[in-house]
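Residues per chain, in single letters:
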Amino acid sequence: MHQRRILVAVTGGIAAYKIPEVVRVFRRADQVVRCIMTSAATEFVTPLVLQTLTGEPVRTALLDPAEEGEIDHIDLADWAELLVVAPATANSLAKLAHGLADDLVSAVALATRAPVLVAPAMNVNMWNHPATRANLETLIERGVRIVGPGEGELACGWLGAGRMSEPAEIAAAAELLLASKSLADEVVLVTAGGTREPVDAVRFLGNRSSGKMGFAVAGEAARRGARVVLVAGPSAVETPPGVERVNVESALEMRDAVRSVWSEATVAIMAAAVADFRPAQALDRKIRKEDLAPDAGLTLELVRNPDILAEISKDRGSRIVVGFAAESHDVIDSAIRKLERKGCDLLVANDVSREASGFDSDTNAVIFVWPGGEIEELPTLPKTDVAAQLVDRVEKLREARR
Ligand SMILES: Cc1cc2nc3c(=O)[nH]c(=O)nc-3n(C[C@H](O)[C@H](O)[C@H](O)COP(=O)(O)O)c2cc1C
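Residues numbered from 1 in each chain as written. Predicted model: local features only at pLDDT ≥ 70, side-chain atom pairs only at ≥ 80, totals over all residues.

Examining the overall build of the chain
Part 1 of the argument: Helix and strand content of the chain: 14 helices and 21 strands.
Part 2 of the argument: Each principal axis of the C-alpha distribution contributes one length, and for the chain these read about 85 × 55 × 40 Å.
Part 3 of the argument: Within the chain, the proportion of its 402 residues that are buried is 42%.
Part 4 of the argument: At a minimum sequence separation of 6, the contacts of the chain that also span at least 24 residues come to 68%. (Helix = DSSP H or I, 4+ residues; strand = E, 2+ residues; numbered from the N terminus. Buried ≥ 20, exposed ≤ 12 C-beta atoms within 10 Å, placed from the backbone. Contact = placed C-beta atoms within 7 Å.)

Focus on the sheet that holds strand β19 (residues 366-369)
Part 1 of the argument: An order of β12-β11-β8-β13-β16-β17-β19-β20 is seen for the eight strands of this open sheet, with the pairing classed as mixed. At either end of the open sheet lies a strand with only one pairing partner, and these are β12 (243-247) and β20 (375-377). Looking at each pair of strands side by side, their axes are set apart by 15° on average, direction ignored.
Part 2 of the argument: Inspection of the sheet shows strand β13 (residues 267-270) paired to strand β16 (residues 320-327) by four bridges, in the parallel sense. The residue bridging Val-267 from the neighbouring strand is Ile-320, located in β16. (Pairing = 2+ DSSP bridges. Axes fitted to C-alpha atoms, helices over the stretch in contact; angles between N-to-C directions.)

Quick look at the sheet that holds strand β4 (residues 116-120)
The strands that make up a sheet pair up through hydrogen bonds in the backbone, lying either parallel or antiparallel.
Part 1 of the argument: On the basis of which strands lie adjacent, the open sheet formed by five strands has the order β2-β1-β3-β4-β5 and parallel pairing. Every interior strand has two partners, whereas the edge strands, β2 (32-37) and β5 (145-146), have only one.
Part 2 of the argument: The pairing of strand β1 (residues 5-10) with strand β3 (residues 82-88) spans four bridges and is classified as parallel. Bridge assignment links Leu-7 to a residue of β3, and that residue is Leu-83.

Some points on the site of the ligand
Part 1 of the argument: Close contacts around the ligand come from 15 residues, with Gly-12, Gly-13, Thr-38, Ala-40 and Thr-89 the closest.
Part 2 of the argument: The greatest single-element share of the shell around the ligand, amounting to three residues, is contributed by helix α5 (residues 90-98).
Part 3 of the argument: Broken down by class, the residue content of the shell around the ligand amounts to eight nonpolar, seven polar and no charged. (Near = placed C-beta within 6 Å. Nonpolar A, V, L, I, M, F, W, Y, C, P; charged D, E, K, R; others polar.)

Some thoughts on the domain arrangement of the chain
Part 1 of the argument: Parsing the chain into structural domains produces domain 1 (5-178) and domain 2 (187-401).
Part 2 of the argument: Contacts between domain 1 and domain 2 engage four residues on the former and four residues on the latter.
Part 3 of the argument: Counted by class, the side of domain 1 that touches domain 2 contains three nonpolar, no polar and one charged residues. (Domains from an automatic or database assignment.)

Structural notes on helix α10 (residues 212-223)
Part 1 of the argument: Its twelve residues give α10 an end-to-end C-alpha distance of 16 Å, which sits within 8% of 16 Å, the value for a rise of 1.5 Å per residue.
Part 2 of the argument: Burial of α10 is extensive: twelve of the twelve residues sit out of reach of the surface.
Part 3 of the argument: All of the buried residues in α10 are Lys-212, Met-213, Gly-214, Phe-215, Ala-216, Val-217, Ala-218, Gly-219, Glu-220, Ala-221, Ala-222 and Arg-223. (Expected span 1.5 Å × (residues − 1).)

A closer look at helix α8 (residues 130-141)
Part 1 of the argument: Its twelve residues place the ends of α8 16 Å apart at the C-alpha level, agreeing with the 16 Å of an ideal helix rising 1.5 Å per residue.
Part 2 of the argument: Taken residue by residue, α8 has Asn-135, Leu-136 and Leu-139 as its buried positions. Down the axis, α8 shows its buried residues gathered within 100° of arc, on one side only. Turned more than 90 degrees off the buried face of α8, the exposed positions are Pro-130, Arg-133, Ala-134, Glu-137 and Glu-141.
Part 3 of the argument: Looking at the buried side of α8, the elements it contacts are α5, β4 and β5.
Part 4 of the argument: Phi turns positive, to about 95°, at Gly-143, one or two residues after α8. (Arc of directions from axis to C-beta.)

With respect to unusual backbone geometry
Part 1 of the argument: Residue Ala-86 is joined to Pro-87 through a cis peptide bond whose omega torsion reads -15°.
Part 2 of the argument: Topologically, Pro-87 is positioned in strand β3.
Part 3 of the argument: In this structure, Asp-30 takes a positive phi of about 70° despite not being glycine.
Part 4 of the argument: By the C-beta count within 10 Å, which is 10 here, Asp-30 ends up exposed.

Digging into the pairing of strand β17 (residues 346-351)
Part 1 of the argument: Extensive coverage of β17 is indicated by the burial of six of its six residues.
Part 2 of the argument: Alternating residues of β17 divide into Leu-346, Val-348 and Asn-350 and Leu-347, Ala-349 and Asp-351, and every residue in both groups is buried.
Part 3 of the argument: Read as a crossover between parallel neighbours, the route from β16 over helix α13 (residues 331-342) to β17 is right-handed. (Right-handed = clockwise from strand over helix to strand, strands pointing away.)

Structure, rendered in structure tokens:
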């Protein structure tokens, strides 16, 4: 994301002590950050800390001739490409919902035309109070985005909802709001992770796919404004912000989930490592070795799973379909053959035998294989960068179809 101007409005909740870290996350991502504070907020974190971390003066008062002389509050409101209110107190949420403008934060929030992201933080009973719920609904209806709050132990000693979201979550939500919405009209179906093919009640045949690549693709498409449905095999990776996740286990379940969103999808990116075979029979109880003859082995009969990518490619209509191929040898030749066999618009091949590439790695070295045999080889990149490159290609394909 290129450098953007983020105005962080800090209000007077205990979670204000975490705002220096929020600012640091934005600064690490090379954003320009300014802070404004309510008078209550200055009791929890000092303007000097935020001034030091942002490298910009911090304003705390509306009716102060000196502060207003430096940069007036309307200029601040106009300067912002995004206003982040964090933590947002119950009091400030109420002011924002009702359009009050009797302090710097509420006046700037009323004057800005930038998108507004709010990270509420308060005692669980304040959060659940009908007045707060109504204020929140008003803000949501008006297009204000809310991140959190999370649940857990609160500073006031109560347990429940009211914890401000972690700095990284606030930054991710901000990034989502700032990203260009080039895929706003698309419904992107992404599959990710490996499948588990049941052997008996406790065992399965699986593979080493972590889901990281597909999850990164889903996150990237969501950042660009697409509605994203992520059909995921078992994976420990967190669902990216703005993504609808459908959990599945086996290849057959994955096919059903893909089919159920197929009519709505305009793009399909099939990054899952789907098992080619499954046990012909999955016993609903555990196979015990005591039930077999002593020293006897066990032979599993495997049958073919449906080829989801080939099936949807055949039925793609005007949809864009991208496949993935994990190869351990003859990478390019087998990818070209696979692309021809499956009939998709683009195949992403990766050599899983290479270090820092493929399953479970945070980086990947991929080759884009195009119909007609054109090859684009990318260097080893973080999977998030590979995802961005891939989604760029999807946008180009969409452009070419128009
Ligand atoms: C120690 C302490 C912690 C507080 N924490 C919160 C909080 O987390 N959330 C909240 O909504 N209010 C909290 N308050 C109450 C606010 O500080 C108070 O409502 C204040 O008027 C908010 O002003 P502001 O919205 O202008 O910043 C706290 C008050 C005290 C004394």
